[in-house]
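Commentary on secondary and tertiary structure
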Amino acid sequence: MEFLKVAGKTIQRPSFEEEDLADEVAAFRGDFELETVRVQQGDQSGVAGEGSISVALVADVDLSESRLAPLELSDVRFEEVNLANAVLADVTARRVDFLRCQAIGLRVSLGQAWDIYAEDCRFDYATFRIDQVKNAVIFRRCSFREAVFAGDLSNVVFDECEMPQVEFEATRAGGCDLTTSRLSDVSGLLTLRGARIEAVQASFLGAQFAKEAGLTVAG
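1. Here we look at the overall build of the chain
A tally of helices and strands in the chain yields 1 helix and 15 strands. In terms of overall size, the chain behaves like a compact globule, its C-alpha atoms giving a radius of gyration of 18 Å where 219 residues would be expected to give roughly 17 Å. Taking the principal axes of its C-alpha atoms as reference, the chain extends roughly 65 × 35 × 25 Å. Of the contacts formed within the chain by residues at least 6 apart in sequence, a portion of 12% connects residues at least 24 apart. Accessible surface, the chain as shown: approximately 10,400 Å² in total, 44% of it carbon and sulfur. Across the chain, the mean location of the 22 positive side-chain charges is 7 Å away from that of the 37 negative side-chain charges.

Here it is in structure tokens:
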């Protein structure tokens, strides 16, 4: 069992040994149920499917412009997967990693997000809608240019992320941590009640806070 602690939040990583996984051909079209498998490489761009993935490694698979819904994920690691312009809807995710994935334009709707970790991923122009965060969600060194975050952002950590022109539409944000990320020209700041930022960030974002509050800044 592997744990990771960032900004005071501790999450459990996917639990499996790669040598215990059986090799499986990438097949996400239609109904699928993948368990205790290693899926490496394969062009699944544009497919439509629904199902579950558990105790699995999915690596170097092209899922661009795919639509997977509903989808249940448990103890899964996505590594260098292409999720550009994909749609992942009605997702339940427990102990899921996204490592070095290309996910520009991704649209994801999470009914429940429990111990999710993403590192070195490109989520530019993506849309995240989260109904409920259980424990924590951590994004580390990810890019979110013009991305949208809506719903429950409580206990979501953005660690050293690039976040220009991000739009927030949070319903909850207690425990959300943005202290180490670069924010510029963001909107929806007033929805982030309870989130943490640094003093320098507060000073830099002051004009945007004032604008969203309906204030006129003179001078």
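2. Some remarks on the nonpolar core
Generally speaking, soluble globular proteins have nonpolar side chains that are buried together. With 61 residues, the main nonpolar core has Phe 28, Phe 123, Phe 139, Phe 144 and Phe 149 as its most contacted residues. Core analysis: the second largest hydrophobic core is formed by 8 residues, Leu 4, Leu 99, Tyr 117 and Ile 138 among them.

3. Notes on the packing of aromatic side chains
Under the counting rule described, the total for this entry stands at 15 aromatic pairs. Centre to centre, the rings of Phe 123 and Phe 139 are 6.0 Å apart; their planes meet at 80 degrees, and the pair counts as edge-to-face. Here Phe 123 is found in the loop between strand S8 (107-119) and strand S9 (127-130), whereas its partner Phe 139 is found in strand S10 (residues 133-140), with 16 residues between them in sequence. The burial state of Phe 123 is the same as that of Phe 139; both residues are buried. Residues Phe 128 and Phe 149 carry aromatic rings whose centres are separated by 4.9 Å and whose planes lie at 5 degrees to one another, so their mutual orientation is stacked. Highlighted residues: Phe 128 in strand S9 and Phe 149 in strand S11 (residues 148-152), separated in sequence by 21 residues. Phe 149 sits in the buried class, given a relative accessible area of 1%. Put simply, the rings of Phe 123, Phe 128, Phe 139, Phe 144, Phe 149, Phe 158 and Phe 168 pair up and form one aromatic cluster.

4. Structural notes on the environment of Glu 162
Within the secondary structure layout, Glu 162 lies in strand S13 (residues 162-164). On the accessibility criterion, Glu 162 (34% relative accessible area) is partly exposed. With 26 residues separating them along the chain, Glu 162 and Ala 136 place their C-alpha atoms 20 Å apart. The contacts of Glu 162, once residues within four sequence positions are left out, are Cys 142, Ser 143, Phe 144, Arg 145 and Arg 182.

5. Some thoughts on the pattern of salt bridges
Scanning the model with the defined rule gives 18 salt bridges in all. Between Arg 38 and Asp 23 there is a salt bridge whose closest N-O contact spans 2.7 Å. One end of the pair, Arg 38, is in strand S4 (residues 30-40); the other, Asp 23, is in strand S3 (residues 22-24), and 15 residues separate them in sequence. You can call Asp 23 exposed: its relative accessible area is 60%. Put simply, Asp 124 and Arg 122 hold a salt bridge, and the shortest N to O gap is 2.7 Å. Asp 124 gets classed as buried once you look at its relative accessible area, which sits at 4%. Residue Arg 122 is classed as partly exposed on the basis of its relative accessible area, which comes to 37%. Three or more residues are tied together by salt bridges with common partners; here these are Glu 18, Asp 23, Arg 38, Arg 77, Glu 79, Glu 80 and Arg 100.

Calculation criteria
Residues numbered from 1 in each chain as written. Predicted model: local features only at pLDDT ≥ 70, side-chain atom pairs only at ≥ 80, totals over all residues. Heavy atoms only, no water. Helix = DSSP H or I, 4+ residues; strand = E, 2+ residues; numbered from the N terminus. Rg over C-alpha atoms; globule rule 2.2 N^0.38 Å. Contact = heavy atoms within 4.5 Å. Areas by Shrake-Rupley, 256 points an atom, 1.4 Å probe, with all protein chains shown as cover. Lys, Arg positive; Asp, Glu negative; His and termini not counted. Charge placed at Lys NZ, Arg CZ, Asp CG, Glu CD. Core = buried A, V, L, I, M, F, W, Y, C linked by side-chain atoms within 4.5 Å. Buried < 20%, exposed > 50% of the residue type's maximum accessible area, 1.4 Å probe, protein only. Phe/Tyr/Trp six-rings, centres within 6.5 Å; stacked < 30°, edge-to-face > 60°. Salt bridge = Lys/Arg side-chain N within 4 Å of Asp/Glu carboxyl O.

Everything listed is a geometric property; what it means functionally is a separate question.
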